[in-house]
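Geometric and topological summary
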Amino acid sequence: MNIMLKPAGTGFLFLLAIGTGFWLSSQGKPFHTAVLTVHKLVALASAVAAFIVVRGLFKTVDPSTAVIAMAVITGLLMVALFVSGALLTLDSPVSDIIATIHKVTPTLTLVAVVATIYLIGKSNH
Ligand code: HEM
């Protein structure tokens, strides 16, 4: 299989999660159930795919402390993304901080995943 297929697929799923997220918030509360379901499923699929890609790359190198630290940061950002997302789906109003976290973490997660993959690639040479 083309080695770029899995990372590219993961990136596509992540962009789809961001796209469905904007679609969801453009409709406001109460959220459209189908759009919310698609957003959650795509988000889950992208997180699982990212995990598989990074785990696969980890096996190809002897990970440095920087790589491990970046992977842990990525994991923590994903947890923040999912917890803030889950809180936003609650019926009761949630604090603006949660909404801000869910707005900022997608970009931070994207940067962190790319940085992790970049650092793994660098340690191969
Ligand atoms: C890879 C994971 C995810 C990404 C990249 C992502 C991305 C986004 C983005 C970009 C928005 C639009 C934010 C804005 O208005 O500027 C959004 C909204 C939203 N997301 Fe996610 N999301 C993810 C996971 C989740 C999960 C797991 C849930 C629920 C369990 C969730 C629930 C929501 C809800 C309810 C909104 C609407 C927020 C509002 O308008 O008040 N998200 N998401």
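So, how was this worked out
Residues numbered from 1 in each chain as written. Predicted model: local features only at pLDDT ≥ 70, side-chain atom pairs only at ≥ 80, totals over all residues. Helix = DSSP H or I, 4+ residues; strand = E, 2+ residues; numbered from the N terminus. pLDDT = per-residue confidence, 0-100. Axes fitted to C-alpha atoms, helices over the stretch in contact; angles between N-to-C directions. Parallel < 35°, antiparallel > 145°, perpendicular 65-115°, else oblique. Left-handed = near helix turned anticlockwise from the far one by under 90°. Nonpolar A, V, L, I, M, F, W, Y, C, P; charged D, E, K, R; others polar. Core = buried A, V, L, I, M, F, W, Y, C linked by C-beta atoms within 7 Å. Buried ≥ 20, exposed ≤ 12 C-beta atoms within 10 Å, placed from the backbone. Contact = placed C-beta atoms within 7 Å. Near = placed C-beta within 6 Å.

Cis geometry is found at the peptide bond from Lys29 to Pro30, where omega equals -10 degrees. Turning to its location among the elements, Pro30 is positioned in the loop between helix H1 (5–27) and helix H2 (33–58).

Take the confidence of the model for the protein chain next. Across the protein chain, pLDDT averages 93, with 97% of residues at or above 70. Taken element by element, the predicted model of the protein chain shows its lowest mean pLDDT in helix H4 (residues 96–122) (94) and its highest in helix H3 (residues 65–88) (96).

Two elements in contact, H3 and H4, have axes separated by 8 Å at closest approach and are oriented at 155 degrees. Taken together, the axes of H3 and H4 lie roughly antiparallel to each other. Of the two elements, H3 crosses H4, and the hand of that crossing is left-handed. In terms of residue class, the contact of H3 with H4 is built from 21 nonpolar, seven polar and no charged.

What follows is about the nonpolar core. If you look at the biggest cluster of nonpolar residues, it comprises 18 residues, and the most contacted ones within it are Ala50, Val54 and Leu57. For this core, the elements supplying multiple residues, two or more each, are H1, H2, H3 and H4. Per element, the largest residue contribution to this core is seven residues, and it comes from H2. Residues within four places of Leu57 in sequence aside, it is in contact with Ile117 and Ile120.

Another point: the site of the ligand. Taken together, 22 residues form the shell around the ligand, and within it Gly21, Ser25, Ala43, Gly85 and Leu88 come nearest. At the level of secondary structure, the elements contributing two or more residues to the shell around the ligand comprise H1, H2, H3 and H4. Of the residues in the shell around the ligand, the class split is 13 nonpolar, seven polar and two charged.

The next point concerns the packing of H1 against H2. When two helices pack together, you describe them by how their axes are tilted relative to each other and by the distance separating the axes. H2 packs onto H1 with a crossing angle of 155 degrees between their chain directions and a minimal axis gap of 8 Å. Comparing their axes, H2 and H1 come out roughly antiparallel. In this structure, the crossing between H1 and H2 has a hand that is left-handed. Broken down by class, the residue content of the contact of H1 with H2 amounts to 17 nonpolar, seven polar and one charged.

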